[in-house]
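Take a look at the letters that make up each chain.
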Amino acid sequence: MAPHSDDLVLVPRTPSRRRFLSAGIAGGAVLGLGGLLTACGSSGGSGGNGGSGGATPGTGGASPDQKSVKQGGDDYATVIEKMKGFGTDAAPGVYPRTVKHAMGETVIPAKPTRVVVLDTGELDNVVALGIQPVGIVYTDGSKSLPSYLKDKAGNPANVGTINSLNLEAIAALKPDLILGSQLRAQDQYAQLSKIAPTVFSLRPGYPWKQNFQLNASPFGLEAEAKTQLDAYQAAATAIGAKLGDKRPTITPLRFMPGRTRLYAELSFIGTILTDVPLPQPKIEQVKELAVEVSPEQIDKADADWIFYGVYGSPSSTNQDAVLGGALWKTLGAVKSGQARPVSDETWFLGLGVMAANAVLADLKGFVAPGT
């Protein structure tokens, strides 16, 4: 499934009194203008969201400032601005309710009980709200439930992958709600809407907090979502307070088939670092999803701490070559023992509050022990 980033610009009708999803979300400020980076495609995962895979080929020896992960013409600030009109006016428990979203408006006739989710962020979101989906998609890098959700997600059926939906399997589950994003599945929206009421965010990843509240709105659980986001922000702030003025620089590094990425400010992990806040090296201080580097440029990743993940099988990436290379051993973080592997499914794929809390727990344990 190719992304349609050029079609992400919608002209929503101005709501008269619709709730703004961004209101009251601590730490959800727009970080500035930047390219809307999409990376849906065959590598799956969380795509251009601050997430995972990409359909474009690896850049090899491309310069680290080349925007090879950029597609389309939108910017992230515009995406979040557009989401301010998304959601519902309905009070909790009132049905039918109308939810405004990326593809228009959808009527939810009754509180949903059979939910199909089409991405990792939607999965995290519904499980965080105490809902076990009846159907989920998998990433191309993993065909199993994320381990951090296994004890809470139930036993949902497999309805394809992020980039290849199985519409027949979805219909067979008789869902009463489908949650996804325009970036991922715009071409399937009409068919999905014939199966069940369907609510789409604009895109996964960077606007993960706004996506959480949008996903909560069909259930009337926006207040619960806000409570969890507030608790997340309090935990992030506590880490920052513990560190005081001694805030180490952090590089989120990810090995992927055909590419190596240093995640930047407008990514899922970038927002978490901003919320603490923890600074990133200058090369990553850009209003973009990520900067891509070649193995010969891995010194660009150096920071006080390097946290690295790998998407899919390590053998399909250059991880072993980089970690075993002479240049890697010269990095300050490596010499000090502060280059550590982390879970890809939380740091880069999770895209929801439960994954964000897991990342905070990792950061606390590494950079602020004793908090």
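The model shown is predicted, which means the values in this text are computed figures rather than measured ones.

Draft legend 1. Spotlight on the nonpolar core. Of all hydrophobic cores here, the largest spans 79 residues; its most connected members are Leu118, Ile272, Leu363 and Val367. Tallying contributions element by element places helix 12 (residues 353-367) first for this core, with 8 residues. Among all residues touching valine 367, those that are not within four sequence positions of it are Leu243, Pro248, Ile250, Leu278, Trp305 and Phe307. In this structure, Phe255, Val293, Ile306 and Val322 belong to the second largest nonpolar core, which totals 14 residues.

Draft legend 2. Seen up close, the pairing of strand 12 (residues 305-310). With respect to burial, strand 12 is a largely interior element, 6 of its 6 residues being buried. Alternating residues of strand 12 divide into Trp305, Phe307 and Gly309 and Ile306, Tyr308 and Val310, and every residue in both groups is buried. In the sheet, strand 9 (residues 250-256) pairs with strand 12 via 6 bridges, with the strands oriented parallel. Paired with proline 252 across the bridge in strand 12 is phenylalanine 307.

Draft legend 3. The arrangement of the packing of aromatic side chains in detail. Counted under the stated rule, the structure contains 10 aromatic pairs. When the centroid spacing of 5.7 Å and the interplanar angle of 50° are considered together, the rings of tryptophan 305 and phenylalanine 366 count as tilted. One end of the pair, tryptophan 305, is in strand 12; the other, phenylalanine 366, is in helix 12, with 61 residues separating them in the sequence. Overall, the relative accessible area of 9% leaves tryptophan 305 in the buried class. Ring geometry for tyrosine 308 and tryptophan 328: centres 5.8 Å apart, planes at 90°, overall edge-to-face. On the criterion of sequence distance, the pair formed by tyrosine 308 in strand 12 and tryptophan 328 in the loop between helix 9 (319-323) and helix 10 (332-335) is long-range, its members being 20 residues apart. Taken as a pair, tyrosine 308 and tryptophan 328 share a single burial class, namely buried. A connected cluster of aromatic rings, assembled from ring pairs, spans Trp305, Phe307, Trp347 and Phe366. In this arrangement the basic side chain of arginine 97 is found over the ring face of tyrosine 95, its NZ or CZ atom lying 4.6 Å from the centre.

Rules and cut-offs
- One numbering rule holds for all chains: residues counted from 1, following each sequence as written.
- With pLDDT at 70 or above as the cut-off, local features in this predicted model cover only qualifying residues; side-chain atom pairs require 80 or more to be listed or tallied, and sums for whole chains, interfaces and linings still use all residues.
- Where side-chain values are given, they derive from all heavy atoms of the structure, hydrogens and water being excluded.
- Residues belong to a common nonpolar core when they are buried Ala, Val, Leu, Ile, Met, Phe, Trp, Tyr or Cys residues joined through side-chain atoms within 4.5 Å.
- Classification of residues uses two cut-offs on accessible area relative to the type maximum, computed with a 1.4 Å probe and protein chains only: under 20% is buried, over 50% is exposed, and between them is partly exposed.
- Only runs of H or I of at least four residues qualify as helices and only runs of E of at least two qualify as strands under DSSP, and these elements are numbered from the N terminus.
- Contact definition: two residues touch when any of their heavy atoms are within 4.5 Å.
- DSSP bridges decide pairing: two strands pair if at least two such bridges lie between them.
- Between 30 and 60 degrees the pair is tilted, below 30 it is stacked and above 60 it is edge-to-face, where a pair is any two Phe, Tyr or Trp rings, Trp via its six-membered ring, whose centres lie within 6.5 Å.
- Placement of a positive charge over a ring is assigned whenever Lys NZ or Arg CZ falls within 6 Å of the ring centre and within 35 degrees of the normal to the ring plane.

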